[in-house]
Each structure stands twice: as C-alpha cells, then as structure tokens.
Amino acid sequence: MSEKNQPNAIYGGQAVIEGVMFAGQKVNVTAVRRKDNSIHYLEVPRKEIGWVQTLKKIPLIRGIVGIVEASAKGAQHLNFSAEVFAEEEGVVKEEKKESLTGKISMILGVAVVGILSFLFGKFVFTLVPPTIEQMLFGSLFENQIGHNLIEGLIKIILLVGYIYFISLTPMIKRLFQYHGAEHKVISAYEAGLELTVQNVQKFSTLHYRCGSSFIVFTVIVGVVIYSFFQYDSFLERIIQRIVLLPLVIGVSYEVLRFTNSLRDIPVLRFLGYPGLWLQLLTTKEPDDSQVEVSIASFNRMRELERQI
C-alpha cells in the first residue's frame, strides 16, 4: 500500500507552545521554531504496551484509555516546547531570571491546564451545571428530562464562555493558531496535495477528528444517558453524574468515531457539525510561519515512520 493510500486516521496532531506535535504509528514528533527561525524537534518513539493496546480495541473502554494516553503524551511534548522557550529567554534576558522563572511557570501552568483541561474540566462541568440548574430551576417543575436538557444547555454556555474568554489572551490565541495549522496540514495530506504553505493555507482550520468535537459530544451524549436514570435527591443526582462519567466519555468517543466515518456522506455530515462549531473558537487562522512549523513537524514524523 502506498503512503498516500494508508489510513490517514493514524495521524493525530496537537498544538503546543510555539509549535505542533504530530503522532504517527511508530513515533511522535514535536517541531518548535526558535527565535533565529531554525526549527527544533523532539522525536519520541512510541512504546506499545500489550495490555494497553488490548484495551484500546474494546469499545467504550478505548475512549478512556485514549484520553489518559494523550494526556501523558501531550504533557511530555508541551514540556519540551516550554524548555525551548526557556532556553531562548535565558539567552536574551539573562539578567531577568526571576521574571523569566515566573513566565516559564505561567507557560507550564497553561500547558498543563491545556493538556489536562478535558480531564479536570469535564469533572468540573459535571458538578457545576447541575448545581446551577438545581438552584435556578429545581423547584419550578418535576420533569427530570427537562432538568437534564437545561443542565446540558448550561454546560454549553459555560464551555463556550470559558473558551471564548481564554482565547482573548495572546498566548492562547497563538496556541489556537497552531491548532488551526495542524488541522490544515492534516486536511491537505488527506486530500493528497503536496505539503506547501500555499497548498495548506487553502484548507479550513476545522477538522472532524478534533478533540474539540469530543468535548461537545460528551455534553450531548451526557444529556441522553442521564435521561435513562432517575434520582430522588440533588445529592443522588451529583453522585449519579460522577459514576456515569466514564460511560459518557466512552460512548462519546464511539460517537466521534461514528460521525467521522460518515463525514463523506452528504446527508449525514451534519452529525459532526456541533464539534465543528466549537472549533470556530478553539482554532484560529495561522500565519505562514506557523504553517511552516506544522508542515515540518508532519514531514519529520512521516520521514521517521519510513525509517523505523
């Protein structure tokens, strides 16, 4: 099978601080641009653990395993990106070490929050919305499905509001630009085009397999699953949400896989639209230099895949 005809879904991407990480079947590569315009790489061969690979083949469970694996992988590559930044700042601003330390700490904090935002954020968004809903609407009516729908709406409002406000900061805006560059490169590759800046920039920053879509599906799927379970008190409702969280994550992952498989069927493409709408916030149009970094990361990953 030629490279162009290989399953494109094996390639995953992720934006990091001033760079992009791409994951192949055998190696993960992060490319980061230095201030002298040179591009440096972190190349990490993928170590397959037997029992983990077995779990990743089991429906419902594989989604949870994938999130844990992505968190560990992302943290490593974000740390590399932050270290490159620290080295650059250390050369330029040696006399401001105390200020630099604070800035690096802030970047690492943002990086950790970024890669673990789903894990922590999902837990918070599991508890806060039903609490708000109970306070505002708990005594107005008895229909629990109606309460679940309002809870889901509150989750969407909080999620969109949170992403919108953090996207206003310069650092997160650049992170979202690299996120957009990553999507453009994957789309150009899937279209079979040569990966040049001009070709890549023609594509949208939106992509069906993005983790942003996953987050939206957890809200929608959660509303559906919660409707099958009754509760007699607010405490029972909260406990129920926590207990059902792994199921919601597992089903949401399967829904994401399903909608991605239907993206080429015109009548059914709309199933993936909620995730694409959220990506209007989590991706930004990248400049040419950011696209260059993304292309470099992707090409280096492909080169190493052929060598290993």
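The preceding data block contains the structure.
Residues numbered from 1 in each chain as written. Predicted model: local features only at pLDDT ≥ 70, side-chain atom pairs only at ≥ 80, totals over all residues. Heavy atoms only, no water.

**Q** Can you lay out the overall build of the protein chain for me, pointing to particular residues and giving the numbers?
**A** Check the secondary structure of the protein chain and you find 10 helices and four strands. Listing the helices and strands of the protein chain from first to last along the sequence gives β-β-β-β-α-α-α-α-α-α-α-α-α-α. By residue count, 45% of the 308 residues in the protein chain fall in the buried class. For the protein chain, long-range pairs separated by at least 24 residues make up 69% of all intrachain contacts whose partners lie at least 6 apart in sequence. Of the accessible surface of the protein chain, which amounts to about 15800 Å², a share of 65% is contributed by carbon and sulfur atoms. (Helix = DSSP H or I, 4+ residues; strand = E, 2+ residues; numbered from the N terminus. Buried < 20%, exposed > 50% of the residue type's maximum accessible area, 1.4 Å probe, protein only. Contact = heavy atoms within 4.5 Å. Areas by Shrake-Rupley, 256 points an atom, 1.4 Å probe, with all protein chains shown as cover.)

**Q** Account for the nonpolar core, with residues named and values stated.
**A** Grouped burial of nonpolar side chains is what soluble globular proteins tend to show. Of all hydrophobic cores here, the largest spans 19 residues; its most connected members are Phe 22, Val 185, Leu 195, Val 200, Ile 295, Phe 298 and Met 301. Listed by contribution, the elements that provide at least two residues to this core are strand S2 (19-23), strand S3 (27-33), helix H5 (170-190) and helix H10 (288-307). Phe 125, Ile 172, Val 216 and Leu 278 belong to the second-largest nonpolar core, a separate cluster that totals nine residues. (Core = buried A, V, L, I, M, F, W, Y, C linked by side-chain atoms within 4.5 Å.)

**Q** Residue-level account of helix H8 (residues 234-261), with values.
**A** With 28 residues, H8 extends 38 Å between its outermost C-alpha atoms, agreeing within 8% with the 40 Å of an ideal straight helix rising 1.5 Å per residue. The sharpest bend along H8 comes to roughly 45°, located at Leu 244, with the proline Pro 246 sitting one to four residues further on. (Expected span 1.5 Å × (residues − 1). Bend = angle between axes of the 7 residues up to and from the residue.)

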